[in-house]
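Fold and geometry: a report
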Amino acid sequence: MEECSGMERTAKAEDSRIHDIGLCKLQSMIDVYDKIVLIQLEEKEAITIMNKFEKPDIVNNIDQKILVLSTVEWDKHSSFTYKKIEDEESLALVNLYHTYEFSDKFLVLSNSNTFGTLFNFCDTGLLDLDEVLKSILA
């Protein structure tokens, strides 16, 4: 078994510390919000999704406190709380999402084909985007 050098041990300890901080932060957000939606899409797609969240027929019947996270600048949020995050934080949250299944309150919207996506329903014509977003918020 290979021994880690002091520098490698320090780097691994720092990664672990960052991971623990991210996990703590995510758990505290889950305590405050009913749903947390991380939108990890290109800017144009992310803005399309966020604008859809503002449609009355999607959010009118939702009685939940929703936090939307994205790396995209966006200022038209009235029906939910929006927070712009950095790319590194987005990647850390996605890693936590794929590592732990501790809550159905935290969702990631992404076009990553790694695990398939709800957008596959749109691509195949089974659902339109509004129906997908309603199911996410339900």
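Remember, it's a predicted structure, so these values are computed and weren't measured experimentally.

Here we take up the sheet that holds strand S2 (residues 66-70). Ordered by their spatial adjacency, four strands build an open sheet running S3-S2-S1-S4, and the pairing between neighbours is parallel. Looking at the sheet topology across the chains shown, the edges are occupied by strand S3 (81-84) and strand S4 (106-110). The mean angle between the axes of side-by-side strands here comes to 20°, regardless of whether they run parallel or antiparallel. Of the strand pairs in this sheet, S2 and S3 are connected by four bridges, and their pairing is parallel.

In the structure shown here, the tally under the stated rule is two aromatic pairs. Where tryptophan 74 meets phenylalanine 80, the ring centres are 5.7 Å apart and the plane angle is 5°; that geometry is what we call stacked. Each member of the pair tryptophan 74 and phenylalanine 80 is classed as buried. Ring geometry for tryptophan 74 versus tyrosine 82: centroids 5.9 Å apart, planes at 75°, classification edge-to-face. Given the relative accessible area of 11%, tyrosine 82 is considered buried. One aromatic cluster is present, built from ring pairs that chain together Trp74, Phe80 and Tyr82. The ring of tyrosine 33 is capped by lysine 65, whose NZ or CZ atom sits 5.3 Å from the centre of that ring.

The rules behind these values
- Residues numbered from 1 in each chain as written.
- Predicted model: local features only at pLDDT ≥ 70, side-chain atom pairs only at ≥ 80, totals over all residues.
- Heavy atoms only, no water.
- Pairing = 2+ DSSP bridges.
- Helix = DSSP H or I, 4+ residues; strand = E, 2+ residues; numbered from the N terminus.
- Axes fitted to C-alpha atoms, helices over the stretch in contact; angles between N-to-C directions.
- Phe/Tyr/Trp six-rings, centres within 6.5 Å; stacked < 30°, edge-to-face > 60°.
- Buried < 20%, exposed > 50% of the residue type's maximum accessible area, 1.4 Å probe, protein only.
- Lys NZ or Arg CZ within 6 Å of the ring centre and 35° of its normal.

Geometric values such as these leave the question of function open.
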